[in-house]
Amino acid sequence: MQRARLLQALCTHWSGRILRTAAATWPVPSSRWRYAIKSSPLPQQLQLSSSARSVLASTREKRTRPTTNNNFSATPISLEEQWTKLEAYYQQHSLLHYDQCLRLLEQLESTNSQQSTLNAGQLHFLLGACVPELMPAQSAQERMELYGRIWKQLVKVSQPTLSHYHTQLQVRQQNQLKLADHRSLLAEIAVFNGPADAALYTALLDVACACGNMRQATELLTEMREKNFPLTEKNFHALLLGNARQGNLDGAESVVASMRAAGIATDNPITQSIRFVGYAENGEIAKSKELLRQNTNFTAPQIVQMLRGALKAKEIKLDVVQQLIKLLPRDYVNGVDMPQALRSLSIQLIYQNEIEVVMEIVALLPTPKFNENQNVDGYAALILQECFRSGIPLEKTLEFALQLKQRGQNPRALHLVTELALRRPHQPAWALQCLKALSAEGEELRPHYFWPLIISQHRTQGEQGILSLLKEMQLMKVECNEETVTQYVFPHLHQTLQQPVEGIQLLNEVGLKPSQVLGPLLAQVIQRQEFDASINLLQLYPTRIDLVPILQPLATLAVHARATKRFQVFAKLVQALQQHSTERSGDFVGQLLLQMCSPQSRLRQDIDSLQRFLHEMQRLELQISPSAAESLMAIARQCSKKNPQSLESLGKTLNKMKNSQLSLPADSSTHLGGFIKHPRDMTLDELECHLIELEAKQMNTRGVLRRLLQLSVRDNRLERAQELLLKCQALGVQTSPGMLASIFDLNIKRKDLQKAQKSLNLLQTTYPGFQIDEHKLIDYAALLVHGQQLETAKELLQQRAEQHKINGGDYVLKNVWQLLNNVAQLPHANESEPNLTYEIFNFMRKLGYCQAHNALLGPVVREWLIRQNMDAAVAEFQRLATQHKHTPLQYELLSLLVRLGNGNAEELARYPGLTAEQAQKHLAAVTSTVSRVHGASNLNSALLLALAESGTENQLRRLVINPEFRINHDLLVKNCEHLGQEGAVRTLLRLARGVRGVQRTIDEQRIYDMLLSQFVKSNNYEAALDLFERLEADDELKISLEFLRNLVKLLRLNNIEIPSNIALRAQIR
């Protein structure tokens, strides 16, 4: 509700500004000055909260320019959300974001007329926003192109009014673009809005003069004289500006003389400001300065416009700029940010590579006085952003930011520039230079500032790039914390850390102390199953470390130790780790043993191996807490009921290892409880519940996540699968070949070719012997074709056929069909090219992926239809019918030809050169071919449905009542059921009315029962009620009692109140 009121307020505000006129004002409409003065605040209930503003500010940079694709595609947002973002940006900055407007327009242009769209008021607001003050970063041509696209959308929803045309003229005037033919525009306006009045001619004159088109201005003056429209002071001002813009200063002075002769004062600020613009734009600096010396009583909007004129000169005079800035009223320039008009002007200058002028303008503005709760980093923040986007040299941007900081205008300007640089990973040198500038100013640098740089350096320069960056961090006295080391540095130093001792020495040279890196490095060495190297590291560096992160890799190493019978070495490693623990009273050994005996581990079932582990640990005098000993004993009793001797020996060992001074952490898992079904035996819903339970208990969820991911992909729950994949990556779930194949399939189904290629490469390199399912490979080939990589797809399929036996058949029928359908939609250079889809079909058939099938031949015909070649499509249809005894795309082709034969203008426009008579000949050829292949009765069944879909009621009825018309009743019923499943309600209703009273075709009531049955299966009670209302409106139809009772059952199932008319006719109480 608030959003609706806000949009209404904005649109009303704009409309009022656009239509406001005054006799003694600047020659452009007064709404031009809307952006040269401080915006009036919205009412309290319509303002954005401070938290909302902060959220918008934090996400602003992420959404302002297209960036490289992330690992996972963002969820598409609705039209309403797009508008909300655009509106919020406008409320915060008094500017419109060009990219947001483009995205909004693209979504509007792709939206069906039945879907939600913007109303006329919203579109009017966007029209008026295509001006330099609101879109300063774009050129006039870009703004007018955007205007044209918005105007097309406006015409779709509303007839343009006079206010819309005034807006059009105002936008063209402010962009200083010529109007090619004013007479045609006047004629267009007159159709719905009547003849032009003096205000409209004034607006046209403003447009002509704004761009110096005095020839058109003369024509307009002649027409105004003919219509007895008097010249106002506003018109004289327009002519004064027009002569100046044409370069005719003598003509401008003659206009001033004419004003004096007409008794109009010329010494007022408005006239003088226009004269100043004329002098400045034509390089008459002396006259400009003299005029400034004689007149100082200008308003802020007039001074801003004079400043624009001074900045349009071929050679900008900074002294004139300084003089104009000093004339601005103090209440206009005093604020927590630059005045909006000056900010827009500065952004325009930046895109003209005039950063020095911008710096001079900002330097002349006063330092803002911030309150206690106000943000201090907003002053000129947008200008700094545009410096990056426009390609201003970083040195200049840093100089500008440093000046802002030193003057106190933006104390965090350097931080802001650094953040902007870090958001551009393709330019790591920029971010490093900004960080150095921060350090030089004595600002504290934190490790997380360097995270984006670490990733970028690894991508561009490899491990050497990371080491050089760590060296730079050392020089800037930035010390890496644990998160930086474990999450960003170590995962990218595989080669450096292959030799652990040398790796620690190398890291020590670049500022990472052994105490910082020993723990994470040990986890990596343990994961590589290197016992001796791990023990050697612990002996060389007597550093205390946190052992909790090492528990999981150590439990995995225990599996390897059990398999290789290295119990003694494993116990020595545990002892060495225990001696380096930072938590002396914690039960590290107990935690480890419980982790090793997790529910799905083989050690849980192997009591003898567990005893061996415990024996070696007890021999080295390792101890565990009583609670851990009890938990391990309980696990042993569950799994070793048939071996009491081993159980007794285990109990004795555990008693020897007990130490009452040790305790397990409160969040450690005891792995106790009853029988839990294995994830591989659970259904999808059971897995979801099991995952919630494990997460609540903070237990290991990796196996459940892996299984749940695979099942979600298989069942096409793609969004859920994407969420699960992110969880797996966050938890570091070890990938199996099946899991990688599911991720590969997920990326294919999401049509993300780049990620699909990466996941396939990872699968083939990690598990080279794993054979991918045939249908997944065909789906990947289809995705390659969709991405215009046909040859790559053929090579992939050829390679699979050479390496493995191809099964093919119905198992991959849908997959092959999708591949051929994608081939059919590939663009063609010219019409003489052969049918590419048929070539690929033969290629697939030769390799054994498929055989001739009616569905697979459909894309062959469809290719010709897409290429708008009906003659070739019909010829191809006949050839395939003769060669393969199939009639592919029969229903679609018959329906299309019926529409074309009936003279459907929209369909005929799709096929240039095709006439209705030719379409009727093609229809006769197709029906003859179908009759030859399938027989007349089967043809009649298909033709009946085609006429119900695309023909007229008379055509359908004539066909049905023909006594010689015979059909295949079973085939017709089967096809009707298929159409019901596809939701072709209109077609079936037309068929039902057409066969009414002719029982030899198909029973009318059966069609209705068939439709209702389909609605019942999909539990769509709304469609069922709609069907009933349609049937009830037909006075000639008697609805069966069975139909009504089935409808009542559906309504009761959904707890819907049964309408009285249905209850009465169904004979229920």
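Here is what the cut-offs are and how they apply
- Residues numbered from 1 in each chain as written.
- Predicted model: local features only at pLDDT ≥ 70, side-chain atom pairs only at ≥ 80, totals over all residues.
- Heavy atoms only, no water.
- Helix = DSSP H or I, 4+ residues; strand = E, 2+ residues; numbered from the N terminus.
- Buried < 20%, exposed > 50% of the residue type's maximum accessible area, 1.4 Å probe, protein only.
- Contact = heavy atoms within 4.5 Å.
- Core = buried A, V, L, I, M, F, W, Y, C linked by side-chain atoms within 4.5 Å.
- Expected span 1.5 Å × (residues − 1).
- Phe/Tyr/Trp six-rings, centres within 6.5 Å; stacked < 30°, edge-to-face > 60°.
- Patch = residues over 30% accessible without salt bridge, like charges linked within 9 Å, V, L, I, M, F, W, Y side chains within 5 Å.
- Areas by Shrake-Rupley, 256 points an atom, 1.4 Å probe, with all protein chains shown as cover.
- Salt bridge = Lys/Arg side-chain N within 4 Å of Asp/Glu carboxyl O.
- Lys, Arg positive; Asp, Glu negative; His and termini not counted.
- Charge placed at Lys NZ, Arg CZ, Asp CG, Glu CD.
- Arc of directions from axis to C-beta.
- Axes fitted to C-alpha atoms, helices over the stretch in contact; angles between N-to-C directions.
- Parallel < 35°, antiparallel > 145°, perpendicular 65-115°, else oblique.
- Nonpolar A, V, L, I, M, F, W, Y, C, P; charged D, E, K, R; others polar.

Digging into the side chain of Asp745
For step 1, the next point in the chain: Its place among the elements puts Asp745 in helix H38 (residues 737-749).
For step 2, the next point in the chain: Taking relative accessible area as the criterion, Asp745 reaches 6% and is therefore assigned buried.
For step 3, the next point in the chain: Every residue in contact with Asp745, bar those within four places of it in the chain, is listed here: Val713 and Lys776.

Thoughts on unusual backbone geometry
For step 1, the next point in the chain: Of note in this structure, Gln176 is not a glycine but carries a positive phi near 55°.
For step 2, the next point in the chain: Among the structural elements, Gln176 can be located in the loop between helix H7 (162-174) and helix H8 (182-193).
For step 3, the next point in the chain: Although it is not a glycine, Lys477 adopts a positive phi angle of roughly 60°.
For step 4, the next point in the chain: Take Lys477: it is sitting in the loop between helix H24 (451-475) and helix H25 (482-489).
For step 5, the next point in the chain: Residue classification places Lys477 among the exposed positions, given a relative accessible area of 79%.

Considerations on the nonpolar core
For step 1, the next point in the chain: Phe450, Leu470, Leu507, Leu554, Phe570 and Leu577 are the most contacted members of the largest nonpolar core, which totals 145 residues.
For step 2, the next point in the chain: With 8 residues, the single largest contributor to this core is H24.
For step 3, the next point in the chain: Once residues within four sequence positions are removed from consideration, Leu470 is found in contact with Cys480, Val489, Leu507, Val510 and Leu512.
For step 4, the next point in the chain: Counting residues in hydrophobic clusters, the runner-up holds 128 residues, among them Leu724, Phe843, Ala942 and Val960.

Describing the side chain of Asn659
For step 1, the next point in the chain: Here Asn659 is to be found in the loop between helix H34 (644-657) and helix H35 (684-696).
For step 2, the next point in the chain: By relative accessible area, Asn659 is classed as buried at 16%.
For step 3, the next point in the chain: Once residues within four sequence positions are removed from consideration, Asn659 is found in contact with Gln623, Ile624, Ser625 and Pro626.

Section: helix H29 (residues 551-564)
For step 1, the next point in the chain: Taking 1.5 Å per residue, 14 residues should reach 20 Å; H29 reaches 20 Å between its end C-alpha atoms and fits that length.
For step 2, the next point in the chain: Of the residues making up H29, those classed as buried are Leu551, Pro553, Leu554, Ala555, Leu557, Ala558 and Ala561.
For step 3, the next point in the chain: Where H29 is buried, its residues contact helix H27 (514-527), helix H28 (531-540), helix H30 (567-579), helix H31 (588-596) and helix H32 (607-619).
For step 4, the next point in the chain: Two residues or fewer after H29 comes Lys565, characterised by a positive phi angle close to 60°.

Let's talk about the packing of aromatic side chains
For step 1, the next point in the chain: All chains considered together, the criterion is met by 11 aromatic pairs.
For step 2, the next point in the chain: On the numbers, 5.3 Å between centres and 70° between planes, the contact of Phe570 with Phe613 is edge-to-face. Note that Phe570 is positioned in helix H30 and Phe613 in helix H32, a separation of 43 residues in sequence.
For step 3, the next point in the chain: Residue classification places Phe613 among the buried residues on the basis of a relative accessible area of 1%.

Structural notes on a negative patch on the surface
For step 1, the next point in the chain: On the surface, Glu482, Glu483, Asp546 and Glu583 cluster together into a patch of negative charge.
For step 2, the next point in the chain: Structurally, the position occupied by Glu482 is in helix H25.
For step 3, the next point in the chain: The exposure class assigned to Glu482 is exposed, which follows from its relative accessible area of 54%.

A few points about the environment of Val960
For step 1, the next point in the chain: The topology assignment puts Val960 in helix H50 (residues 953-961).
For step 2, the next point in the chain: Sequence separation between Val960 and Leu944 is 16 residues; the distance between their C-alpha atoms is 8.0 Å.

Points about helix H16 (residues 318-327)
For step 1, the next point in the chain: Here H16 has its buried residues at Val320, Val321, Leu324 and Ile325. The buried side chains of H16 occupy one side of the element, clustering within an arc of 135° when seen end-on.
For step 2, the next point in the chain: On its buried side, H16 packs onto helix H13 (269-281), helix H14 (285-294), helix H15 (300-311), helix H18 (340-351) and helix H19 (355-363).

What to know about the packing of H19 against helix H21 (residues 394-407)
For step 1, the next point in the chain: Viewed as axis vectors pointing N to C, H19 and H21 meet at an angle of 5°, and their least axial separation amounts to 11 Å. By the criterion of interaxial angle, the relationship of H19 to H21 is roughly parallel. Contact with H19, carried on its side by Ile355, Glu356, Val358, Met359, Val362 and Ala363, involves Lys396, Glu399, Phe400, Gln403, Leu404 and Arg407 of H21 and no other residues of that element.
For step 2, the next point in the chain: Split by residue class, the contact of H19 with H21 holds 7 nonpolar, 1 polar and 4 charged.

What about the pattern of salt bridges?
For step 1, the next point in the chain: Applying the stated rule across the entire model yields 37 salt bridges.
For step 2, the next point in the chain: Salt-bridge contacts for Arg183 lead to Glu223; the nearest nitrogen and oxygen are separated by 3.3 Å. Taken together, the residues span a long stretch of sequence, with Arg183 in helix H8 and Glu223 in helix H10 (residues 214-226) at a distance of 40 residues.
For step 3, the next point in the chain: Classification of Arg183 by relative accessible area gives partly exposed; the value is 46%.

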